[in-house]
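So you can see what is in the structure, the chains are spelled out below.
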Amino acid sequence: MAEVHIIGELSQSKDFGQQHLFCKWYLQIGNNWRLLSGKKEGQTQVSSNEFEDICKWSYPLDIHLATSGLQGWPKIYIQVFHLDWVGRSHLYGYGVVTIPTHPGQHELDCYTWRPVGNLRERFVQYFMGGGPQLKDPHLILSTTDRYKLNTEAMGVVTFKITVVLRHFSDFGVEY
Amino acid sequence: MGDGTFLVSISGQLDYIEVLAESGSNWHCKYEFVSGPDWKIIGGVESGLSQICTVNMNGEKIVLNLPLEVMMKSTNLYGWPQVLVSIYNEMTLEGYGRCHVPLSPGVHSIDISLCKPLTSTLLGKITSLFGYQPELIQPKMLATTAGNNCKSFEIRCLKFTRKEKDFFICQVYLIYFLYILI
Amino acid sequence: MKNKMENFNPIYQTLNKYTAIYRIRIKEINDLVIATDSELKENWEIKEFKWQQKVFNNFEKQFYGDEKNCVTDIEKQYNLSLINSVNATDDRILFSYIDNDNFNCDIESTSILKNTCDRKQAHEENSLEEILENNEEYDYRHYLDEAIEDVGTLDDYSVMFIMADMGEYIQENWVKFEHILCTLKYNKEKNILIICPDFSQRLPYRLQLNSDSIRTFYYFIENASEDIPEELAQKENEIFKKISEYRLSLKNITLNTTFELPSKNTLEVHIFFEIVSGQHFEYDDIYVKYFIDLPEKWTCKNSGLLNGITQTCRGKGHSNLVTFGHVFDLILNYDIQDFFDKGFPKYPYIYFEVISRGSWDRYRCEGLTFKCLPIAKPDSYHFDLPCYRLTDGRMSDLRRFFIGDCSNYNDITWIGLPKSVKGSIFNKYGVQTVGTGTLSVRMNVIHQSQAFLTKYNEAAQLARGREKYIFDKLNSSTLVKSVEQVLEAFKRARENMIQARNT
C-alpha cells in the first residue's frame, strides 16, 4: 500500500478583521484511502493578538494515510469561527486547500470566503452577528452547485506542512 | 537498518527570546521534546530548564543559548518529535510555544510564536488585573491534537515574541523511505 | 602522504567471546613524511582491554603499590592486585580508568539539564482527564519545588576511559601527562554503548602534544571481540523480518484492494486544480468560468469537469481580493504508443474567463487568460495569471458599462494559440485589449503509468530522482518497446498492406 504522511501545523490566520478566532479543520479523502493514525478533524484553540491582525494557532497536524489509488487525494477544508464575549460563535469563513502532491515542505495559503445574504440579512448581521451558513459543509468541496452561491472574501489561513510519500514508486507513480 | 527502524539526531539551541521585556526582570525557559507512541529516545536530553537571564535594558533580547540535543529512534513517521517551550518571567508564565522539528536534514532556523492562556472565569478576569496568570497543568496538550475541543480555553497571543533555533540534523537515516524530501 | 598511511598494518580480529574487547595500538612517529616503511610497521605498543579492566599507569603503580596510601576498599584491592601481578613490559603508555576511579574529565561537562526519561515511564498513560481528576487541588508550590529540586540528574552510565600517559620520571617520581584516547560509556537501562572516537577504519587517529617539543602519536582503536555466532544473527534477522511483515499485514488489512494501476499503454496524468483567488479586477461580485481544451490523443474519464463555474465572490480590501477556493481533480489519459509514433504530444490548455455580475444582472467580462497545463513534470505549481479583456474603442466600453459584454468572443481558444493558424506565423494584430487583474491558480500534477514500474525501467532506477521528465522516462521504459508492441505494430502494418493490395 502506498502511504502519505502529512506533518505540520495550522499556523495562523490573517486579515480577518477580528480577534478571538478559532478554526475547525476536516480532512477529506476518497473512498480508497484509509486513515492509519492521526485525527481526521479537529478544532484549534481560540486565539487573539493585541497588535496585529493575526491570530496564531500553531496547531499541530500529524496524519498518516494509506491508499490504493491516486483518486481522492486528501484535501483539508476549514471553517473559521469567531467567539464573541458572550460565548456565541459566528462563522467567519470557509476554505479548502489540497495537500500538495510533491513531497517536501510547503507553506500553503488558504483563502477563505463566507456566504453573504441580502441587504436585510447583512443589516442584522452587523448588529447581531450570525449570517448565512452552508447547511452542509461538504458543499465547500463540491463544484457542481457552487455557481449559485454569493460570497464575500475573508482572510487567509496559513498551513505549514511537510508531505512524505512512501511506496508510490512501486506502483508506477511519478511525483 | 534491517529491522525497519530509523534514527533521527537533532542538535541545536534556543538562541534568544524577543519580548518587550522590562529592565531588571528575570526570565527562564523550559523545553520538552514530545513525540508519538512509536518513538523512543536513545540519547541526549529530553527536557531541560534554562539558566535565569536578567534583562538590563528595556526591550532588549533575552539571550538563552540553551542547547538542545536528542537522539531518537522510531519505526514510523507518525508522531514526529515536536519541541514545546514555556517561558517564565520570575515565577509567572509568559508564554507557551511549539514547533515540529524540521523533517529535512540540514540547518534550519525557526521562529516560534508564543501564546499564553487567558482566564475563563469572571473572577479570573478581575484578578488578572492583579497579575494572576493561569498555567497549563500539562503543556504537552498543545502538542497533541486531542482534547482541543474545549471552547472555553482561550489563548491570547503575545506581542513580538520570537525565538530562533538552529536545528542541525546530522543524520536522518530513513532507510525505509526512498524518496523523502527536498 | 596517503600512500604512507596505507602502509600501516591492516586490522585483524581475534577470539574473545561476547564481551567487548578493545585493542589499542599506539606508536610515536614524529614525521610521517620521512618515516620509513619498517618504522610504520613495527614497534607498535599494543594492548587489549576488556570492559572495566583496570590497567595501572606508572603513577598508580607507585601510589597503590605502597600500602600506606591505600585507605578505601577499592584502593586496597588495587594494592593486592598490584603486589600479586607480574608487570608486563608493554604497559608503558596505555592504561585505563574505570568506573570506580571517578575520573573527572574536563571534556565531560556536567550539565544541568534534566533527564526525565525514567520518570516518563511512570507517568506514561496519564491522560488529561485523569490528571484533572486526581489533582482536585492543584498545588502550584509543590510542582514548582519539584521542578527546582530536580535539576542536575544525569544519566546512569558506567564509563571506562582508555588513556595514554606520556609522562616521565623526575627524581624517582612519575610525573603525569595523561591524555584520553578513547571514552566508553554504557547505559544499562537503554542498552546503549557509546564509544568515542569510533573504531578506526584504515587510517589511525593522531594525537599531538604541544609541550616543550611537539610530539605526534598515531593510534588505532580496534574491535577485537568476537561477533555473535551465525545462528543467533540469523535468528535476529528473522525476528526483525517477522515484525515488519506483521506490521505491513496490519496495514494491508485496512485496505483490501491492491493499488489501482492504469491500463497498459496509458500514461495517466492526475491534475489537482485549485482556483484560489483573484485581485485587482475592476468590479465586484466576480466568478470564473473555466474551460479545458484537450487535443487529440488525450482523453478524460470525468469529462464533466472539463468546464465549470465557481461561486460569485465580493471583493475586499483595496486590491479587491476575491477568493474562490474552487477545487476539482482531473484524470487525463494519454496513449503512450502514440508517443513513439507521432512524437511529442500536444499540450492541453485551460482557459479562464473572469466575469462580474453587476447590479441589474449586467454581466461584464473582467478578464480572459489561459495556461498551458504543466504535464511534463510532476510537481506542485502555483501560477499568477494576468488577464486582459477585449475592447474595441469607445462604443464597446459604453456597451460594457450599460449592458454588460460577457463572452464577447467566438472561440475562447483564440486567446491562446489560435486553432486557425496555418503556416508558421500567427497574427493577432488589430485586436485591442486592456489589461485587468490577476488570477491565482494552483495545480498539483502527478503521473502514473505501468511504464514506470521497476520491471520495465531498470536503468532509470539508478538515476532515480534525476530523471524527472516523463519523456525521458518513457523513452527508457522497455514496456513500450517490448516485443508485444513490435508484433502488434507488425500485424497492423501487414493488415494495411493487405487492404491496400485488395483495393
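Structure report, in brief.

About the cut-offs
- Residues numbered from 1 in each chain as written.
- Chains lettered and ligands numbered in written order.
- Predicted model: local features only at pLDDT ≥ 70, side-chain atom pairs only at ≥ 80, totals over all residues.
- Helix = DSSP H or I, 4+ residues; strand = E, 2+ residues; numbered from the N terminus.
- Buried ≥ 20, exposed ≤ 12 C-beta atoms within 10 Å, placed from the backbone.
- Contact = placed C-beta atoms within 7 Å.
- Pairing = 2+ DSSP bridges.
- Axes fitted to C-alpha atoms, helices over the stretch in contact; angles between N-to-C directions.
- Nonpolar A, V, L, I, M, F, W, Y, C, P; charged D, E, K, R; others polar.
- Parallel < 35°, antiparallel > 145°, perpendicular 65-115°, else oblique.
- Core = buried A, V, L, I, M, F, W, Y, C linked by C-beta atoms within 7 Å.

1. Digging into the overall build of chain B
Scanning chain B for helices and strands turns up one helix and twelve strands. Helices and strands in chain B line up, N terminus first, as β-β-β-β-β-β-β-β-β-β-α-β-β. Within chain B, buried positions represent 36% of all 182 residues. Relative to all contacts within chain B whose residues are 6 or more apart in sequence, the contacts with residues 24 or more apart total 77%.

2. What about the sheet that holds strand 3 (residues 94-97) of chain C?
Residue and element names in this part refer to chain C. Judged by pairing direction, the sheet is antiparallel, and its four strands sit side by side in the order 3-4-7-8 without closing on themselves. Strand pairing shows two members of the sheet lacking a second neighbour, strand 3 and strand 8 (192-196), which therefore form its edges. In this sheet, adjacent strand axes meet at a mean angle of 20 degrees when their direction is disregarded.

3. Observations concerning the interface of chain A and chain C
Counting residues at the interface gives 36 residues for chain A and 45 residues for chain C. Breaking the side of chain A that touches chain C down by element, the ones donating at least two residues are strand 3 (33-37), strand 8 (89-98), strand 9 (104-115), strand 10 (150-166) and strand 11 (173-174) of chain A. Of the residues assigned to the side of chain A that touches chain C, the class counts are 18 nonpolar, 13 polar and five charged.

4. Some details on the packing of helix 3 (residues 58-65) of chain C against helix 4 (residues 73-84) of chain C
Residues and elements named next belong to chain C. At a closest axis distance of 9 Å, the pairing of helix 3 and helix 4 adopts a crossing angle of 105 degrees. Here helix 3 lies roughly perpendicular to helix 4, going by the angle between them. Contacts from K61, Y64 and G65 in helix 3 reach E75, Y78, N79 and L82 in helix 4. Residues of the contact of helix 3 with helix 4, tallied by class, amount to three nonpolar, two polar and two charged.

5. Some details on the sheet that holds strand 10 (residues 214-223) of chain C
Either a parallel or an antiparallel arrangement is found when strands of a sheet pair, and the pairing is made through backbone hydrogen bonds. Residues and elements named next belong to chain C. Read from one edge of the open sheet, four strands run 2-1-10-9, paired in antiparallel fashion. On the outer flanks of this sheet lie strand 2 (45-50) and strand 9 (205-210), each paired with one strand and no other. Here the average twist between neighbouring strands, direction ignored, is 25 degrees. Pairing of strand 1 (residues 21-28) with strand 2, which is carried by six bridges, proceeds in the antiparallel orientation.

6. Some details on the nonpolar core
Judged by nonpolar contacts, the single largest core of 130 residues is most densely connected at A:C23 and C:I271. Considering each element in turn, this core owes the most residues, nine residues, to strand 10 of chain A. Ignoring any residue separated from it by four or fewer positions in sequence, one finds C:I271 in contact with C:L330, C:L332, C:L373, C:M443 and C:V445. Of all hydrophobic cores here, the second largest spans 21 residues; its members include C:I26, C:F95, C:F161 and C:Y218.

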